[in-house]
Protein chains: 4
Amino acid sequence: MLPFSCDYMQGAHPKILERFVETNLVPQPGYGEDEYCASAKEKIRAACGCPEAQIFFLNGGTQSNKVVIDSLCRSYEGVICALTGHINAHESGAIEATGRKCLALPQKEGKLEAQTVRKYLTAFYADGTCEHMVFPGMVYISHPTEYGTLYSKAELTALSEVCKEYDIPLFMDGARLGYGLMSRQTDVTLEDVARLCDVFYIGGTKVGALCGEAVVFTKNNMPPHFLTLVKRQGALSAKGRLLGVQFDTLFTDNLYFDISRHAIDMAEKLKEIFAAKGYKFFMDSHTNQQFVVLENEKLEILQKQAYCSIWEPWDEHHTVVRFCTSWATTPQDIEALDALI
Amino acid sequence: MLPFSCDYMQGAHPKILERFVETNLVPQPGYGEDEYCASAKEKIRAACGCPEAQIFFLNGGTQSNKVVIDSLCRSYEGVICALTGHINAHESGAIEATGRKCLALPQKEGKLEAQTVRKYLTAFYADGTCEHMVFPGMVYISHPTEYGTLYSKAELTALSEVCKEYDIPLFMDGARLGYGLMSRQTDVTLEDVARLCDVFYIGGTKVGALCGEAVVFTKNNMPPHFLTLVKRQGALSAKGRLLGVQFDTLFTDNLYFDISRHAIDMAEKLKEIFAAKGYKFFMDSHTNQQFVVLENEKLEILQKQAYCSIWEPWDEHHTVVRFCTSWATTPQDIEALDALI
Amino acid sequence: MLPFSCDYMQGAHPKILERFVETNLVPQPGYGEDEYCASAKEKIRAACGCPEAQIFFLNGGTQSNKVVIDSLCRSYEGVICALTGHINAHESGAIEATGRKCLALPQKEGKLEAQTVRKYLTAFYADGTCEHMVFPGMVYISHPTEYGTLYSKAELTALSEVCKEYDIPLFMDGARLGYGLMSRQTDVTLEDVARLCDVFYIGGTKVGALCGEAVVFTKNNMPPHFLTLVKRQGALSAKGRLLGVQFDTLFTDNLYFDISRHAIDMAEKLKEIFAAKGYKFFMDSHTNQQFVVLENEKLEILQKQAYCSIWEPWDEHHTVVRFCTSWATTPQDIEALDALI
Amino acid sequence: MLPFSCDYMQGAHPKILERFVETNLVPQPGYGEDEYCASAKEKIRAACGCPEAQIFFLNGGTQSNKVVIDSLCRSYEGVICALTGHINAHESGAIEATGRKCLALPQKEGKLEAQTVRKYLTAFYADGTCEHMVFPGMVYISHPTEYGTLYSKAELTALSEVCKEYDIPLFMDGARLGYGLMSRQTDVTLEDVARLCDVFYIGGTKVGALCGEAVVFTKNNMPPHFLTLVKRQGALSAKGRLLGVQFDTLFTDNLYFDISRHAIDMAEKLKEIFAAKGYKFFMDSHTNQQFVVLENEKLEILQKQAYCSIWEPWDEHHTVVRFCTSWATTPQDIEALDALI
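Residues numbered from 1 in each chain as written. Chains lettered and ligands numbered in written order. Predicted model: local features only at pLDDT ≥ 70, side-chain atom pairs only at ≥ 80, totals over all residues. Heavy atoms only, no water.

Once that is clear, we can look at the overall build of chain A. Counting secondary structure elements, chain A contains 13 helices and 13 strands. Over its C-alpha trace chain A gives a radius of gyration of 20 Å, about what one expects of a compact globule, namely 20 Å for 341 residues. By residue count, 65% of the 341 residues in chain A fall in the buried class. Long-range contacts, defined here as pairs at least 24 residues apart, represent 72% of the contacts in chain A between residues at least 6 apart. For chain A, the accessible area works out to roughly 11,600 Å², and carbon and sulfur atoms hold 51% of it. The averaged location of the 43 negative side-chain charges in chain A is 2 Å from the averaged location of its 32 positive side-chain charges. (Helix = DSSP H or I, 4+ residues; strand = E, 2+ residues; numbered from the N terminus. Rg over C-alpha atoms; globule rule 2.2 N^0.38 Å. Buried < 20%, exposed > 50% of the residue type's maximum accessible area, 1.4 Å probe, protein only. Contact = heavy atoms within 4.5 Å. Areas by Shrake-Rupley, 256 points an atom, 1.4 Å probe, with all protein chains shown as cover. Lys, Arg positive; Asp, Glu negative; His and termini not counted. Charge placed at Lys NZ, Arg CZ, Asp CG, Glu CD.)

In structure tokens:
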């Protein structure tokens, strides 16, 4: 079966496994106090151009969203997000489980526009009954979005400015951040992200690691007793080395960026083979997620030999299907797919 | 530095790392639907002698406690535990974060006695105001306990009977279960645990894995939509294979039990070297945690060359110090320690 | 100042105060076990034509919404509502504070349409990833809605049918139920409400009481240990008589309906005086809330002599203003208003 | 039936009912913005000798405890209390429902001693693993306690000092505060309470009101957006006048203190009649709750003509029974009781 249904179908980049083997028996303290975490943090700070960044490694995306939102929002505050934002749509109510409301606003290709946010905030504070509502306490965006789209530097800057104006943090869910940063159509760098966001995370689970997200607080704004807040959410790893070793490896010799670029190359290749055969795309994506409109019979046949994700019906006879590449996708995978479509 | 402060100072058993390498590029679906999880579950069911067991792999102990208690207790119910129980004492309020109260009762060497539980339950239901209290909805025990002690089969049976009588589940935190099962002083088998408990988990993090606990529902009592409940707690792994591969390896060729027995052998050795030099033990433990009374000056010197855990003051001049062995402890580690004390 | 900004500007119906005086020194047990609660429940059961109804008196609307939703939804379930539903828009996140998500759907004049709900439910269960979402566990409607509009019997029946089909309860927020039932344009009776809804409440705070809502479970579906669930939410009154006496009075000699009808008469009168002077209405309402479009200068002058509620801007020069009547509105109030506009 | 089982068996002081009647039709804004609340707050500030006090009226005791603790504790903090504290023992887990742990410590006659608290705090911060525990974020005491006992000024001062030392607020549950202040054996005044506590409430429900507690923040420390926090807990009254009128009346012409003193006089009388017949007291109480040891047969007979509360078994043949007086107890009630015992 060809691995195109998502970007977490395979294990970890081989260099990570090698590093596990090398470090395996070195005794280290637990709970993130190990030397691999320390080294990984140093390298991430450098990569972000943000020497004062405070970093904490967590296991997965929903967990990171939950912990960050729970720890930065006050109890009477909710989190502004796109209706299609992962926290609003696909996290089983993990945010609400912490007592916080998702203040979901209309989106455009998965993106939240600064003007939408500003309009909302203006109206909120103009409303004489706002004390009876949920205060907007944060803006959450995903980059790339759930549709594989990307914010431009101008768009991110505009969002950042609205947030500053209203004194609420801008939080970026970067579960697929590498694939965004290495897109051929982006003008946003990791330094930009660190500069414009108050907190974000660098996704590992979908970008070469077995698990793990590096949560980065960029403005000396990690909440006090953050370890306790993490543990309270059941999110603290006893063997912090599991995350430290992985991120230390990913941020050594540019690995995170190289493998992300590879996935983008594979995605562009994938676009070409579909385009060459006249398939329509649901959305113009420049990251590792591609949305193709397939005839239903074709899809049925294809699914016998390739993993892919049914996104939504297109019309009676067609379906929007998501194909993902990842650090692990090979040119041979693409060729084999080409032969099937 | 010698690795005695806890049982999670080193990586994973080498066979697990090998298996990561072997399986690394095989595409698998996410969220625990992979073949390694399936295989691991089958092997655990067999090891438990419980073919109908329902199993879910989670990342860590606090997370497992949180998810199990949240999913099995009703909102008006709390969980009976020992005052020294991990959920009551050392989980940063993770249980309360789900809205549940720890109904903490007196313990004896870390153990909750059936008669203590029965007395509590009898008094609770005899109290005319019990509708104004938190209903007891579960009994939580850890085995081995936080003090390294073990329940006998008779004690477990008695607890199980009280629970049945009051129709509440018995939940065993088995973060160190392997070390309990392989103790030279236990009459409790894994089959017994599966038979007597309604839900328990087999600890991986402290017993040979990089992370992971196998939660076992033994009575066809896994709550509906458990995956959703897990995700809502931020506890669902996208790459379920990370957990599947580890438990599949641990439950192949008796590995889990063999490495647990090894840790016990090392612990007995460790006891011998301390006893030989006339040290006093704080508590008679037959598992991998040993509590030794050290002079404070001795301790200070020792800490320069060995990791160990300060437990509590003994008197003005002495401290109770915890030494842990694990699957990774070597006879050389023990010899080196012997030279230091 | 004329009292038109809301329907809770004045105290209680005088008969309630009289009854407080009469019963004041009669000793009664607490927590709703008093004879007035018992009598009120009996009368409400009769008025609903629902002898098996289970009734619990709570203090206010948000509290009732919170308690009902928290006690009937499972933790992985959310509550379907209109985007403009009170629980979604104006309760400070009280529902999310219990860990439940408001699944907010588009509305029409404040109403949730059965077809909107069915479409949502169908799509939800057709989605292969629905285990990663919040399960729809209840449908919440307000009647009258936040815009003063009313469901017809056919609309309620259709909603009830969708709910039955998907086996989820239909919950009606009846904070202003009296004013809905006595509208000149409704075909819905209290018996219909009791028959078609699984749970609803009869609003007292806005309909003649100092405080209090009567929560009615119509299908023998009051959750076990409901008193405990109520107390856990801080919603249990020690002096249950405060609520019992009020509802017992309101449901004696048709008082609840008579005073509601009076408010409707006053509202129709209010409409007439505005219509007579050529004012435009924002929405065609047949209950006690009327939404009038006023010139901004007019509004400014008016606000010096009458309480009224600014709803939203209409255009640069006009504002939508809400005028409420209540059981306490007098013909003199209306005449005085007429003189001001 | 004679009304001795609790202090909330009868309605409100007649002056409150009169005031309801007088003010009934005066239009007032909702949510505590009415003039009665304003006036009541002014009078309470004066009575407390604390002109900067910030006051909010809530409906009941558990609700007040829940709202205060939820709004003042950070999410990683719990609340220190006596094992017998109301929040720990008799509030159905209302505190845990907000995600906060009750850090229950041993008590002495229902009281928490300053040295117990200091010892706990010292040990907590000395524990190297305290980041894995629940941080102590507040000290909760009830005055009078659940056993009718009272803190002396010295004891309160000592508690206040420990709290200051550790920079955590001291919170007093004053559900029965009037009966404490008017005890013949107290040296604590309302001014003392306001000076020594950071937040406390003046109980109305048990001291002459139909419902209501006046929460007093004494150090300019009412959390921002407190109204929103209150509403989020379902605790905001639309008709704030219900609470305003009651407290305004209670704090006019010393009424709160006079009726409290009356209850104390009745309690002393009640003690006398039991003592005169040789009954034993379970505890030496100087407030309105008296705990008497009765023979079981006597109790059975008595319960046919008097409401009283079974507290706990004394021995096989005797039971500890609680008798409460209140503002409403009459000398005739006491005489009638005397005739029964």
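The discussion continues.
Facing the 17 residues of chain D at the interface are 17 residues of chain A. Both sides together, the interface formed by chain D and chain A hides about 1,600 Å², and carbon and sulfur atoms give 56% of it. Considering only the surface of chain D that becomes buried against chain A, Y76(D), H132(D) and H225(D) emerge as the three largest contributors, covering 36% of it. Linking chain D with chain A are zero salt bridges, by the criterion used here. Connecting chain D to chain A are 10 residue pairs in polar contact (both at pLDDT 80 or more). For the side of chain D that touches chain A, the element with the most residues is helix α9 (residues 226-232) of chain D, which contributes five residues. A breakdown of the residues in the side of chain D that touches chain A according to their chemical character gives eight nonpolar, five polar and four charged. (Buried area = accessible area lost by both parts, 1.4 Å probe. Salt bridge = Lys/Arg side-chain N within 4 Å of Asp/Glu carboxyl O. Polar contact = N/O pair within 3.5 Å; in protein donor to acceptor, adjacent residues only side chain to side chain. Nonpolar A, V, L, I, M, F, W, Y, C, P; charged D, E, K, R; others polar.)

In screw terms, the move from chain D to chain A is a rotation of 180° and a rise of 0.0 Å along the axis, fitting with an RMSD of 0.0 Å. Considering both components of the superposition, the chain copies are consistent with a two-fold axis. By residue overlap, the copies meet face to face through one surface: 100% of the interface positions of chain D are interface positions in chain A. (Least-squares fit on C-alpha atoms with pLDDT ≥ 70 in both.)

The next subject is the interface of chain A and chain B. Across the boundary between the two partners, chain A contributes 46 residues, which contact 46 residues of chain B. In this assembly, chain A packs against chain B so that about 3,800 Å² is buried in total across both faces, 59% of it on carbon and sulfur atoms. Where chain A packs against chain B, one counts 26 residue pairs in polar contact (both at pLDDT 80 or more). Among the elements of the structure, α1 (14-23), α3 (61-72), α9 (226-232) and α10 (241-250) of chain A are those that each provide at least two residues to the side of chain A that touches chain B. The element that contributes the greatest number of residues to the side of chain A that touches chain B is α1(A), accounting for four residues.

Turn by turn, an α-helix covers 3.6 residues, leaving residues three or four places apart pointing in a common direction. All names here are of chain A. Here helix α13 (residues 331-340) has its buried residues at D333, I334 and L337. Here the buried residues of α13 occupy an arc of 95° about the axis, which is enough to place them on one side. For α13, the exposed residues lying more than 90 degrees away from the buried face are Q332, E335 and A339. Those residues of α13 that are buried are in contact with β1 (2-3), α11 (255-276), α12 (296-302) and β13 (318-324). (Arc of directions from axis to C-beta.)

All names here are of chain C. The element strand β7 (residues 199-203) is largely enclosed, with a buried count of five among its five residues. Neither face of β7 is left uncovered, since the one carrying V199, Y201 and G203 and the one carrying F200 and I202 both have all their residues buried. Relative to β7, strand β6 (residues 170-173) is paired through two bridges, and the arrangement is parallel. The residue of β7 that forms the bridge with M172 is F200. (Pairing = 2+ DSSP bridges.)

Turning our attention to the relation of the copies chain A and chain B. With an axial shift of 0.0 Å and an RMSD of 0.0 Å, the rotation relating chain A to chain B amounts to 180°. Interface overlap between copies is the fraction of interface residues in one copy that are interface residues in the other; for chain A against chain B it reaches 100%, indicating a shared surface.

Residues and elements named next belong to chain A. Across the interface, helix α5 (residues 114-126) lies against helix α6 (residues 153-166) with an axial gap of 8 Å and an inter-helix angle of 15°. With respect to α6, the element α5 is oriented roughly parallel. For the crossing formed where α5 meets α6, the hand is left-handed. Residue-level inspection shows A114, V117, R118, L121, T122 and Y125 of α5 in contact with α6, the latter providing A158, L159, V162, E165 and Y166. Partitioned by chemical class, the residues of the contact of α5 with α6 number eight nonpolar, one polar and two charged. (Axes fitted to C-alpha atoms, helices over the stretch in contact; angles between N-to-C directions. Parallel < 35°, antiparallel > 145°, perpendicular 65-115°, else oblique. Left-handed = near helix turned anticlockwise from the far one by under 90°.)

Residue and element names in this part refer to chain C. If you check helix α5 (residues 114-126), its first and last C-alpha atoms are 18 Å apart, about what 13 residues at 1.5 Å a residue would give, namely 18 Å. Within α5, the full set of buried residues consists of A114, T116, V117, L121 and F124. Angular distribution of buried residues about the axis of α5 spans 165°; they occupy a single face of the element. Opposite its buried face, α5 presents the exposed residues Q115, K119 and A126, each directed more than 90 degrees away. Contacts from the buried residues of α5 go to β3 (77-82), β4 (102-105), β5 (135-142) and α6 (153-166). (Expected span 1.5 Å × (residues − 1).)

On average, residues of chain A score 97 in pLDDT, and 100% of them reach the 70 mark or higher. Confidence estimates for the predicted assembly give a pTM of 0.97 and an ipTM of 0.97. (pLDDT = per-residue confidence, 0-100.)

What follows is about the packing of aromatic side chains. All names here are of chain B. Going through the model one piece at a time under the given rule, you end up with 91 aromatic pairs over all chains. With 6.2 Å between their ring centres and 75° between their planes, Y147 and W311 make a pair best called edge-to-face. With Y147 in the loop between β5 (135-142) and α6 (153-166) and W311 in strand β12 (residues 309-315), this residue pair connects regions lying 164 residues apart in the sequence. Owing to a relative accessible area of 15%, Y147 belongs among the buried residues under this scheme. The class for W311 is partly exposed, based on a relative accessible area of 29%. (Phe/Tyr/Trp six-rings, centres within 6.5 Å; stacked < 30°, edge-to-face > 60°.)

All names here are of chain C. Overall, mixed pairing links the seven strands, which are arranged β2-β8-β7-β6-β5-β3-β4 in an open sheet. Looking at strand neighbours, the two that pair on one side only are β2 (54-58) and β4, the edges of this open sheet. Averaged over neighbouring strand pairs, the angle between their axes works out to 25° when direction is ignored. Summarising the sheet, β3 and β4 pair through four bridges and their orientation is parallel. For I80, the partnering residue across the bridge sits in β4 and is L103.

Here the focus is the pattern of salt bridges. In this structure the tally under the stated criterion is 64 salt bridges over all chains. For K101(A), the salt bridge goes to E96(C), with nearest N and O atoms at 2.5 Å. Of this pair, K101(A) sits in the loop between α4 (86-89) and β4 (102-105) while E96(C) sits in the loop between α4 (86-89) and β4, which puts the two residues in different chains. The exposure classification of K101(A) matches that of E96(C), with both residues buried. Its salt-bridge partner being R45(B), residue E42(B) comes within 2.8 Å of it at the nearest N-O pair.

Here we take up the sheet that holds strand β9 (residues 280-281) of chain B. Consider a sheet: its strands pair through backbone hydrogen bonds, and that pairing is either parallel or antiparallel. Residue and element names in this part refer to chain B. Here four strands make up an open sheet; going across it, the order is β9-β10-β13-β12 and the pairing antiparallel. Each edge of the open sheet carries a strand with a single partner, namely β9 and β12. Both β12 and strand β13 (residues 318-324) contribute to a ladder of five bridges, which runs antiparallel. Opposite E312, over in β13, you have V320 as the bridge partner. Along the sheet, helix α11 (residues 255-276) makes contact with β9, β10 (289-295) and β13, crossing β10 at roughly 20°.

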